[in-house]
Amino acid sequence: MDLDLPIWFEIGSLVVLTLILAADLLIILKRPHIPSTRESTLWVVFYVTLALVFALLMWIFAGGEFAGQFVAGWLTEYSLSIDNLFVFVLIMSQFSVPRRYQQEVLMVGIIIALVLRGLFILAGAAIIEQFSWVFYIFGAFLVWTAWRQAFPGGTHDDDAQRENFIVRLLRRTIDISDEYDGAKVRTVVDGKKIFTPMIIVFAAIGVTDLLFAIDSIPAIFGITQSPFIVFTANIFALMGLRQLYFLLGDLLDRLRYLHYGIAFILAFIGVKLVLHAMHVNELPFINGGEHIEWAPEISTWMSLGVIVVSMAVATVASLVASARERAAVPVGAAAGEPAESTPVAAAEVVAEEKGTPPTVADPHAPEPDDRRS
């Protein structure tokens, strides 16, 4: 069953979402600041509500099956995007990005992610249309990704090493100033135009987006094969990511079991893809090129239930474990160690271990911009 939506709805949806993203970017450029918890909360609620309204419209125009596919795909991409935030924290800390300009960096990162994912979606849809056996590859890849997610062995450190390679490459090929000049990518030093460290930050964000797109696109194609649903689910997942970054803040370090929930979701979708590939099998060396009829097709609603339960269990278990640990720590000790428990402090430790590039200011130096909002 193919998605059949009025053309005006598809075009109108993409136009409206593009306008919202453009307006969001213009607001940031006009007034760079550190968003308050209230502001971040209102924006996150707005984007979540917008996604649910879109799901309702999908239900009206396309039916419950496709609405369920959108919600399942959106939640999958949203959970993977939250995992993105851990690496974003590392990047922001490692390169000492002033907090009042972090919104602009995140917005640029989101735009890069949308472009990359759009290209991957087009390529993935074309491949799936021609080669049904690619589901075997997608499924195996997701199961392997799930294992790596559950037992990372320094996954985020590996991401940092890749990004540092990009930093070294940029350092060898272009001139970069020693200090930031607001949110500018180019500045003038001694009468000469050169790049600021912001170019390194954008490169690091871009590499991160690319790595996560490689993981996330096969995952959502395991839920729906509609390019429109895949792309809109990715847009809605990324739209509230900037505000979520500031809203979660110190809560990130408490979500210690989040990666297990994400790993379970990826493994589940990977198995679902393999079963689907078996069901539509056309490979001559498997079952004589015939469909494997006993292979079950997992429904969209079962997928949605697994995704919701997995994230809920991982989140609740993380918060309960964190609360127990905090209760077990003596009051005096807890008061003396607040900085070590924050995700930014943890990221700074990693940055020190990796070695901060000489173009980056001391991460422990006072930041005057942080005092203005």
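Residues numbered from 1 in each chain as written. Predicted model: local features only at pLDDT ≥ 70, side-chain atom pairs only at ≥ 80, totals over all residues. Heavy atoms only, no water.

Structurally, alanine 126 is set in helix α4 (residues 102–130). With relative accessibility at 44%, the residue alanine 126 sits in the partly exposed group. Note: C-alpha distance between alanine 126 and proline 227 (101 residues apart in sequence) is 9.6 Å. (Helix = DSSP H or I, 4+ residues; strand = E, 2+ residues; numbered from the N terminus. Buried < 20%, exposed > 50% of the residue type's maximum accessible area, 1.4 Å probe, protein only.)

Glancing now at the environment of phenylalanine 61. Looking at where phenylalanine 61 falls in the secondary structure, it is placed in helix α2 (residues 37–62). On a C-alpha basis, the gap between phenylalanine 61 and aspartate 4 in space is 8.3 Å, while along the polypeptide they are 57 residues apart.

To continue, consider the packing of helix α5 (residues 134–150) against helix α7 (residues 198–221). Viewed as axis vectors pointing N to C, α5 and α7 meet at an angle of 125°, and their least axial separation amounts to 10 Å. As summarised for this structure, α5 and α7 are arranged oblique, according to the angle between their axes. When you trace α5 past α7, the crossing you get is left-handed. When α5 is examined against α7, the residues Phe135, Phe138, Phe141, Leu142, Thr145 and Arg148 are found in contact with a partner set consisting of Ile214, Asp215, Pro218, Ala219 and Phe221. (Axes fitted to C-alpha atoms, helices over the stretch in contact; angles between N-to-C directions. Parallel < 35°, antiparallel > 145°, perpendicular 65-115°, else oblique. Left-handed = near helix turned anticlockwise from the far one by under 90°. Contact = heavy atoms within 4.5 Å.)

Turning next to the pairing of strand β2 (residues 192–195). Note on strand geometry: in a regular strand, side chains alternate between the two faces of the sheet. With 4 bridges joining them, strand β1 (residues 186–189) and β2 adopt antiparallel strand pairing. Within β2, the residue paired with arginine 186 across the bridge is phenylalanine 195. In this structure, the hairpin formed by β1 and β2 is closed by a connection of 2 residues, where aspartate 190 is found at a positive phi of approximately 55°. (Pairing = 2+ DSSP bridges.)

Under the definition given, this model contains 1 salt bridge. Salt-bridge contacts for glutamate 77 lead to arginine 117; the nearest nitrogen and oxygen are separated by 3.0 Å. One end of the pair, glutamate 77, is in helix α3 (residues 64–94); the other, arginine 117, is in helix α4, with 40 residues separating them in the sequence. Residue glutamate 77 is classed as buried on the basis of its relative accessible area of 0%. (Salt bridge = Lys/Arg side-chain N within 4 Å of Asp/Glu carboxyl O.)

Quick look at the nonpolar core now. In terms of nonpolar packing, the biggest core is built from 96 residues, with Met58, Phe70 and Val201 touching the most fellow members. Of the residues forming this core, the biggest block, 15 residues, is contributed by α3. (Core = buried A, V, L, I, M, F, W, Y, C linked by side-chain atoms within 4.5 Å.)

No statement about biological role is implied by the geometric values presented.
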